Amino acid sequence: MRQPANTETLFIDGPAGPLECVVEDPASDRAEASGDAFAVVCHPHPLHQGSLHNKVAHTLARAALGRGAPAVRFNFRGVGRSGGAHDEGRGETDDLLVVIDWMRGRHPGAGLWLMGFSFGAMVALRAATQAEPAKLVTVAPAVTRFHADHPASPTMPWLLVQGGADELVDAAAVRAWAAAQTPPPTLHEMPGVSHFFHGHLHELSATVAAFLA
């Protein structure tokens, strides 16, 4: 059985105050090698109890750890012990870029796997052009609920996972939005699955891990 990851909780200086981070490093020699990459995971909406402890965000980090890549989950400004206040995705994009830069300093030369869920998926998309991840994963991106400007279509390998019975983010709207992107993402729709992937987190993890491979 794979050993638990080495976990460290720390704070880094963000644009609006300290950013609370949980950094995990693979602890098992049986974790599949990542090819020298690290993952940054963005949580769902801060005003709807979204935080780095969200189960989907945790699942995304575990998928990266299973491929041998260290992963960081962090709280956006105003969440948990992070300073500042919610900024409708604008300031949160700045928070994300700071965390990415910090991880690049910790893992020089490693590729970035950028991942996000719901609101966090849209923040990841907004940052993708500047951050230039090696791979991008967006889970249930809140395309109809995001108040900031929609980002440009990313050009790197991009996986979009969507629950077919999502009660918060309309699956048909996500499907149409994805088809309009140039180039479009690889879309994996999970029929009958709700927004928080209740009962389907293992399937989500396997889907993301296969893409990261």
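Quick look at the structure, then. In this text, all values refer to a predicted model and were calculated from it rather than measured experimentally.

As for the pattern of salt bridges
Going through the model one piece at a time under the given rule, you end up with 8 salt bridges. Notably, a salt bridge pairs Glu24 with Arg62, separated by 3.1 Å at the nearest N-O pair. With Glu24 in strand E2 (residues 17-25) and Arg62 in helix H1 (residues 55-66), this pair connects stretches of sequence that are 38 residues apart. In this structure, Arg90 and Asp87 form a salt bridge, with 3.6 Å as the shortest nitrogen-oxygen distance. Within the structure, one salt-bridge network assembled from shared partners comprises Glu8, Asp25 and Arg106.

A look at the sheet that holds strand E1 (residues 6-14)
The strand order E1-E2-E4-E3-E5-E6-E7-E8 describes an open sheet built from 8 strands, whose pairing is mixed. This sheet does not close on itself; its edge strands, each paired only once, are E1 and strand E8 (186-190). Direction aside, neighbouring strands of the sheet carry axes that sit 20° apart on average. Bridge count between strand E6 (residues 135-139) and strand E7 (residues 158-163): 4 bridges; the pairing is parallel. Paired with Val137 across the two strands is Leu159, which belongs to E7. On top of the sheet, helix H3 (residues 119-131) reaches strand E3 (37-42), strand E5 (111-117), E6 and E7; it is set at about 150° to E5, its chief contact. Packing against the sheet, helix H5 (residues 201-212) makes contact with E5, E6, E7 and E8, and its axis sits at approximately 160° to E6.

Rules used throughout
- Residues numbered from 1 in each chain as written.
- Predicted model: local features only at pLDDT ≥ 70, side-chain atom pairs only at ≥ 80, totals over all residues.
- Heavy atoms only, no water.
- Salt bridge = Lys/Arg side-chain N within 4 Å of Asp/Glu carboxyl O.
- Helix = DSSP H or I, 4+ residues; strand = E, 2+ residues; numbered from the N terminus.
- Pairing = 2+ DSSP bridges.
- Axes fitted to C-alpha atoms, helices over the stretch in contact; angles between N-to-C directions.
- Contact = heavy atoms within 4.5 Å.

In short, the description is geometric, and any link to function would need to be established separately.
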